[in-house]
Amino acid sequence: MSESRVESELKAALDEVYRLAPWLLSKSMAAVRSARPRRQGWAWIAGLAAILLAITSSAFLVYVRHTSNQSRDASVNASFLPKPIPQPITRTSPGAQVAWLSIQSQNQQSSAIAVDLNGRVVGRIDQPADSYGLWRSADGATLYDIRPDQIAAYSAIDGKAQRTYLRESGTVVDGAFSPDGHWLAIIVLGTNLELDLIDLRSGSSQVLQVTRDLDANLPGMHCGPRPNCASSVVWGLVMFSPDSMRIFTLTDWGGPLRLSAFSVANARLAQSATALDGQGRRFPSCGGPAMAAKILAAGNTLVAFCHSDGAVWFFNLTKLTNIGVVQSKQDNPFWLSPIFTPDGQLLYLHQWPSFGDTMQVVDIAKRKLLGPVATPTDTAQSGPFAWMVTNAYAGEVASTVPVSPDGLKLYTATLNGVMVLRIPDLKPLARLASGFKASEVWISGDGQTIYATADDGKLVAVMRAGGGDPRLTSIPAPASRFIASEHG
Amino acid sequence: METAQEQLLIARAKQGDVEAFEAILRPSINAAHRFACGLLHDPDLAEDAVQEASVRAWRKFGRLRVGSTFLPWFLGIVARQCRDQMRRPWWRVIRTAHTQRMNHGLPEDAALRRAMLREALGELTERERQVLILRLYLDLPWSDVASVAGLTEAGARTRYYRGLERLRFSQGYGEVKT
């Protein structure tokens, strides 16, 4: 065996025992932050005594929690988290109270049906085969069918067609509605990557090119004989600031990441700044095609979640700089669902029950992570978050975030109804539709009505948020998901 | 990380700035983890070792000499932590002797051959093992390899090639040069 062969074999042998640990920095820093200064020699006895005391206390607490049903309150952990700020209820139009569900017909045609507060099917939209999908407006009153060269608008009350808008042709990379309902921004990959800003009132649009890197990394993507997928694929997100006056795009996050800012002041689209990894700034990268992001803190902070490695990025939008990364614990890509609370204070990261059913929470202001906390599987079991559910689906990605519009409660589907959990500590407050095997939950715009699909997708349960018997509605074809305002 | 920037962060961290320490640790953590994996052959134990080494580094940060770079100093702490960790569970050091020779031409033997190579790596002297991993696996410059292992550059090179020879011999080829 030659020397070089031993070297290459040894590298391979060492690779076999190496496993990426993207959470290691945050884990290590958590240990560093909690580490006390080095003890003096004389103090070791005191340290030992403290450890013994801690162990004894922990054992006592565990004993007490296991023996007392009164100990489920998670107030100890809640003390680390900020209290939620009640949000005003703004989606009060009749259309915003009607649930829309995607269904798959027998001929594989994509359609959506509407179910109203009384459990009646009140509308249907059949989408053409080349539709990119149905998006729901920020106020919940309109649905938009994104087609190759136009956008069709429908009333959310009954699905009646309202009007069409022209759009730039090309592949839709991402889109966002402005919170004030005035604009729809889409980033489109045609010959170039473009930001198309459509005025939903007048139908006019403005287009600006978004700079992209033709050599951008797209980890895991293969495009046949072509050397680089970047000619046909772009990873990108578009977001509005809460005041609807600014737009931000996050593109090429496989690296080098680019963060661009646009202004919509005086109804005129203009690029105001761009920042690129490596050019005076250090940005993180995300090794997969999916990210979820939200602009928080009065429009000054962008928080982005990488589905590939579970990292949470923080950007200062005034300076377009990365101000931190919090590494959550995610054993495999896409196991966590990000749920932003409407007040912008917390980001819950829920691991799907089939992958272990845990919850982590990020305090946005402090950029601190709590958890992961395992969901107890026995109602007699207590845990830091004191859940009493056996299965808690917190929705998929940000598309169906089951947080109440006032930001005070989280609704989770379980195999025994819908649990109402208090934010921030997730203390169970109530169980709705007991016995109903729920799969997904959607909350009406005013927060008064809760809709849940059955786990086989064939039934929808409609119930009042305050309790009472649910109305069950059969739907013509199995539902795949709710169409929520977050445009999933 | 540029030297001037690192020195600035080191100065801040010496004054107790934990954010500066994190900024220094960030670019070194993966190398440290790979190093620990190479020494311990167990990614979970390696994570523990790096985490513990991070705390040790923070506590002993005042001892990092002005003008020194962080990575070799930190890897030295990781090496000591790994050594401590290997000492703790005594049953881990019990090894079985090689009982068979491999047919090196068969691809299905590759996994077993690599396992035997790791075992052989574990039988090298501590410094030989460190030097091999640092140079071969982490691709560190000789000066850093020597610094971590507490050797001169020439000493590090000697141990590297001696270690390779021992591995070759362990796999059934060649003789040990002394």
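Residues numbered from 1 in each chain as written. Chains lettered and ligands numbered in written order. Predicted model: local features only at pLDDT ≥ 70, side-chain atom pairs only at ≥ 80, totals over all residues. Heavy atoms only, no water.

1. A few points about the overall build of chain A
- From N to C terminus, chain A includes four helices and 31 strands.
- Taking all 488 residues of chain A together, the buried fraction comes to 51%.
- At a minimum sequence separation of 6, the contacts of chain A that also span at least 24 residues come to 44%.
- Counting every atom, chain A has about 21,300 Å² of accessible surface; 53% of that belongs to carbon and sulfur. (Helix = DSSP H or I, 4+ residues; strand = E, 2+ residues; numbered from the N terminus. Buried < 20%, exposed > 50% of the residue type's maximum accessible area, 1.4 Å probe, protein only. Contact = heavy atoms within 4.5 Å. Areas by Shrake-Rupley, 256 points an atom, 1.4 Å probe, with all protein chains shown as cover.)

2. Quick word on the state of the cysteines
- Summed over all chains, the structure comprises one disulfide over all chains.
- Across a sulfur-sulfur distance of 2.0 Å, Cys286 of chain A and Cys306 of chain A are joined as a disulfide pair. Note on the Cys286 of chain A and Cys306 of chain A pair: the S-S dihedral is about 80 degrees, so by sign convention the disulfide is right-handed. Here Cys286 of chain A is found in the loop between strand E15 (270–276) and strand E16 (291–296), whereas its partner Cys306 of chain A is found in strand E17 (residues 301–306), with 20 residues between them in sequence. Cys306 of chain A shares its class with Cys286 of chain A; the two are buried.
- Here Cys37 of chain B is not cross-linked by a disulfide; its sulfur's nearest cysteine counterpart is in Cys82 of chain B, at 8.8 Å.
- A relative accessible area of 0% means that Cys37 of chain B is categorised as buried. (Disulfide = S-S within 2.5 Å.)

3. Side note on the nonpolar core
- Counting residues in hydrophobic clusters, the biggest one holds 68 residues, and the most contacted among them are Phe21, Phe35, Phe61, Phe70, Phe74, Leu138 and Leu167 of chain B.
- Discounting chain neighbours no more than four positions away, the residues touching Phe35 of chain B are Leu75, Val78, Ala79, Gln130, Ile133, Leu134, Leu138 and Val148 of chain B. (Core = buried A, V, L, I, M, F, W, Y, C linked by side-chain atoms within 4.5 Å.)

4. Quick word on the sheet that holds strand E19 (residues 321–327) of chain A
All names here are of chain A.
- Strand order in the open sheet made by the four strands is E16-E17-E18-E19, with antiparallel pairing throughout. The open sheet has two free edges, formed respectively by E16 and E19, since each of these has just one partner strand. For this sheet, the mean angle separating the axes of adjacent strands, direction not counted, is 20 degrees.
- Summarising the sheet, E17 and strand E18 (residues 311–316) pair through five bridges and their orientation is antiparallel. Counted as the bridge partner of Phe305 is Val312 from E18. (Pairing = 2+ DSSP bridges. Axes fitted to C-alpha atoms, helices over the stretch in contact; angles between N-to-C directions.)

5. Things to note about unusual backbone geometry
All names here are of chain A.
- For the bond from Gly255 to Pro256, the omega torsion is -5 degrees, close enough to zero to count as cis.
- The residue after Ile423, namely Pro424, is reached through a cis peptide bond having omega 15 degrees.
- Here Pro424 shows up in the loop between strand E25 (417–422) and strand E26 (427–432).
- With a phi close to 55 degrees, Asp252 is a non-glycine residue in the positive phi region.
- Within the fold, Asp252 resides in the loop between strand E13 (246–251) and strand E14 (258–263).
- With a relative accessible area of 4%, Asp252 lands in the buried category.
- A positive phi is found at Arg367, a non-glycine position, where the angle reads about 55 degrees.
- Tracing the backbone through its elements, the reader meets Arg367 in the loop between strand E22 (358–363) and strand E23 (368–374).
- The exposure class of Arg367 is partly exposed, given its relative accessible area of 33%.

6. Remarks on the interface of chain A and chain B
- The interface of chain A with chain B comprises 31 residues on the first partner and 43 residues on the second.
- Summed over both sides, the interface between chain A and chain B buries roughly 3,700 Å², with carbon and sulfur atoms accounting for 63% of that surface.
- Our count for the chain A to chain B interface comes out at three salt bridges.
- For Arg113 of chain B, the salt bridge is made with Glu9 of chain A, and the minimal N-O distance between the two is 3.0 Å.
- Secondary-structure elements contributing two or more residues to the side of chain A that touches chain B are helix H1 (3–16) and helix H2 (24–34) of chain A.
- Sorting elements by how many residues they give to the side of chain A that touches chain B places H1 of chain A first, with 12 residues.
- Each residue belonging to the side of chain A that touches chain B can be placed in one class, and the counts come to 17 nonpolar, two polar and 12 charged. (Buried area = accessible area lost by both parts, 1.4 Å probe. Salt bridge = Lys/Arg side-chain N within 4 Å of Asp/Glu carboxyl O. Nonpolar A, V, L, I, M, F, W, Y, C, P; charged D, E, K, R; others polar.)

7. So, the packing of helix H6 (residues 126–137) of chain B against helix H7 (residues 142–149) of chain B
Residues and elements named next belong to chain B.
- Axis separation between H6 and H7 bottoms out at 10 Å; the angle between their running directions is 150 degrees. Here H6 is positioned roughly antiparallel relative to H7, judged by the angle of their axes. Regarding H6 and H7, the two cross each other, and that crossing is right-handed. Packed against H6, whose contacting residues are Arg127, Gln130, Val131, Leu134 and Arg135, the element H7 presents Trp142, Val145, Val148 and Ala149 at the interface.
- Class assignment for the residues of the contact of H6 with H7 results in six nonpolar, one polar and two charged. (Parallel < 35°, antiparallel > 145°, perpendicular 65-115°, else oblique. Left-handed = near helix turned anticlockwise from the far one by under 90°.)

8. With respect to helix H8 (residues 153–170) of chain B
- The end-to-end C-alpha distance of H8 of chain B, which contains 18 residues, comes to 26 Å, matching closely the 26 Å that a straight helix rising 1.5 Å per residue would cover.
- Contacts from the buried residues of H8 of chain B go to H1 of chain A together with helix H5 (110–122), H6 and H7 of chain B. (Expected span 1.5 Å × (residues − 1).)

9. With respect to the confidence of the model for chain A
Residues and elements named next belong to chain A.
- Here chain A averages 81 in pLDDT, and 81% of its residues register 70 or above.
- This model gives residues 37–44 a pLDDT under 50, and the stretch forms four contacts once residues within four places in sequence are excluded.
- Segment residues 56–79 is flagged for pLDDT under 50; beyond a separation of four residues in sequence, or across chains, it makes 21 contacts in the model. (pLDDT = per-residue confidence, 0-100.)

10. Looking at the packing of aromatic side chains
- If you walk through the whole model with that rule in mind, you get 15 aromatic pairs over all chains.
- Relative to Tyr451 of chain A, the ring of Trp442 of chain A lies with its centre 5.5 Å away and its plane at 50 degrees, an arrangement referred to as tilted. Of the two residues examined, Trp442 of chain A and Tyr451 of chain A, each falls in the buried class.
- With centroids separated by 5.4 Å and ring planes inclined at 90 degrees, the aromatic side chains of Trp142 of chain B and Tyr160 of chain B adopt a geometry described as edge-to-face. A residue pair is termed long-range when its members are at least 10 positions apart, and Trp142 of chain B in helix H7 and Tyr160 of chain B in helix H8 qualify at 18 residues.
- With relative accessibility at 4%, the residue Tyr160 of chain B sits in the buried group.
- An aromatic cluster is present here, built from Phe21, Trp58, Phe61, Phe70, Trp73 and Phe74 of chain B joined pairwise through their rings.
- The aromatic ring of Phe314 of chain A is capped on one face by Arg367 of chain A, whose charged end is 5.7 Å from the ring centroid.
- Directly above the aromatic system of Tyr18 of chain A lies the positively charged group of Arg34 of chain B, at a separation of 5.3 Å from the ring centroid. (Phe/Tyr/Trp six-rings, centres within 6.5 Å; stacked < 30°, edge-to-face > 60°. Lys NZ or Arg CZ within 6 Å of the ring centre and 35° of its normal.)

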